[in-house]
Amino acid sequence: MDLGLRGKRALVTAASQGLGRAVATELVREGCTVVISSRRIDKLRATAAEICAETGAPEDAVCGIAADVAAAADVERLVADAVSWLGGLDLLVTNAGGPPGGTFEQVTDAQWLAAVELNLLSVVRLVRASLPALRSAGGGRILNVSSMSVREPIPSLILSNTVRTATMAMLKTLALEVAADNIQVLNLAPGRIETDRVVWLDSQRAKRENRPLAEVQADERARIPMGRYGTPAEFGRLAAFLLSPANGYMTGQTILVDGGVIRAL
Ligand SMILES: NC(=O)c1ccc[n+]([C@@H]2O[C@H](COP(=O)([O-])OP(=O)(O)OC[C@H]3O[C@@H](n4cnc5c(N)ncnc54)[C@H](OP(=O)(O)O)[C@@H]3O)[C@@H](O)[C@H]2O)c1
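We now turn to the structure provided with this report. (Residues numbered from 1 in each chain as written. Predicted model: local features only at pLDDT ≥ 70, side-chain atom pairs only at ≥ 80, totals over all residues. Heavy atoms only, no water.)

Before going further, it helps to examine the overall build of the protein chain. From N to C terminus, the protein chain includes eight helices and seven strands. At a minimum sequence separation of 6, the contacts of the protein chain that also span at least 24 residues come to 73%. Carbon and sulfur atoms form 54% of the exposed surface of the protein chain, whose accessible area is close to 12,400 Å². Positive and negative charge centroids in the protein chain, built from 28 and 28 side chains respectively, lie 2 Å apart. (Helix = DSSP H or I, 4+ residues; strand = E, 2+ residues; numbered from the N terminus. Contact = heavy atoms within 4.5 Å. Areas by Shrake-Rupley, 256 points an atom, 1.4 Å probe, with all protein chains shown as cover. Lys, Arg positive; Asp, Glu negative; His and termini not counted. Charge placed at Lys NZ, Arg CZ, Asp CG, Glu CD.)

Moving on, we get to helix α4 (residues 109-136). An ideal rise of 1.5 Å per residue puts 40 Å on 28 residues; α4 measures up with 40 Å between its terminal C-alpha atoms. A maximum bend of about 45° is found in α4 at Leu121. Residue Gly138 follows α4 closely and has a positive phi angle near 85°. (Expected span 1.5 Å × (residues − 1). Bend = angle between axes of the 7 residues up to and from the residue.)

Once that is clear, we can look at the nonpolar core. The biggest cluster of nonpolar side chains holds 34 residues, and the ones touching the most others in it are Leu27, Val34, Ile36, Val62, Leu143, Leu188 and Phe235. When near neighbours in sequence (up to four residues on either side) are disregarded, Phe235 contacts Leu19, Val23, Val145, Leu188, Pro190, Ile193 and Val257. (Core = buried A, V, L, I, M, F, W, Y, C linked by side-chain atoms within 4.5 Å. Buried < 20%, exposed > 50% of the residue type's maximum accessible area, 1.4 Å probe, protein only.)

This brings us to the sheet that holds strand β6 (residues 183-190). On the basis of which strands lie adjacent, the open sheet formed by seven strands has the order β3-β2-β1-β4-β5-β6-β7 and parallel pairing. Of all strands in the sheet, those with a lone pairing partner are β3 (62-66) and β7 (253-257), marking the two edges. Strand-to-strand twist across the sheet, computed as the mean angle between neighbouring axes with direction ignored, equals 20°. For strand β4 (residues 91-94) and strand β5 (residues 140-145), the ladder comprises four bridges, and the chain directions are parallel. Across the sheet, Val93 pairs through a bridge with Leu143, a residue of β5. With respect to the sheet, helix α2 (residues 41-55) is in contact with β2 (33-38) and β3, its orientation differing from that of β3 by roughly 165°. (Pairing = 2+ DSSP bridges. Axes fitted to C-alpha atoms, helices over the stretch in contact; angles between N-to-C directions.)

Printed below as a string of structure tokens:
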């Protein structure tokens with residue numbers, strides 16, 4: 001199936017590894033030109049080269065621009081530079097790192113504010129800065145990388161549970177406001193996708209509980225009806241579909257990609 005993405009121009013944040021990188025890879029494979037961003041320029045340069053090698057795309061199909069999405073000035077500069085390098089913008093993928101763990105009584109005001117900057121205001125600012133270019137292109141897509149925690153709170157992750165839900169509500173409202181401009185807004189919520197972050201989370205739990213890593217991972221898999229973690233490529237392919245003209249009529253939705261973990265209707 002041709003998704004119709006050839007020639008589209010995309011900005012993907014937090015894309016030096018993990019889910020963001022997987023989305024960027026699938027967009028490049030489909031013929032998009034992509035700006036990838038994260039805080040570390042060396043890592044971005046290496047990732048850009050690897051994506052081109054993996055997909056067989058020319059070197060100028062991907063460009064890395066360093067930016068911290070939690071910093072307002074970085075976001076302004078990133079979007080301006082990305083639009084200038086791409087010659088416009090059709091697709092925006094908003095992604096960031098996750099906030100630290102903690103229960104209600106453990107997290108401080110400073111951590112609450114930092115989580116809002118990282119997982120809510122980053123999206124607000126990226127979208128605000130990108131809307132003029134998306135409108136000039138005659139419309140486009142915005143896809144945010146969220147978490148299954150927006151459907152069912154995850155214990156000891158109160159910051160993610162709360163802030164990502166606020167972001168989901170903001171995106172739903174935004175979707176209604178920009179639908180008439182031919183801009184579709186989607187929120188993609190992963191369950192357990194095997195990235196470095198998930199391996200690290202499992203290792204931390206293994207250490208805490210003084211158990212072998214393999215045992216902790218078996219526990220996690222047992223909670224997933226499909227019996228396995230998702231792969232970054234599976235996440236990336238779904239994102240590419242949602243960002244493509246093949247998805248012509250869906251907006252304002254949160255889509256779970258979780259192997260069936262969330263039991264709610
Ligand atoms: N993997 C999962 O199963 C899963 C499940 C639920 C939710 N999530 C969420 O999905 C997002 C991506 O997860 P992942 O598994 O891909 O994590 P990851 O493998 O740790 O990758 C995180 C990426 O974010 C970048 N990043 C972190 N903080 C940033 C910042 N302030 N500004 C710009 N870039 C930043 C990192 O690059 P630099 O260090 O170079 O900045 C890196 O490229 C996270 O918010 C995570 O909490 C993931």
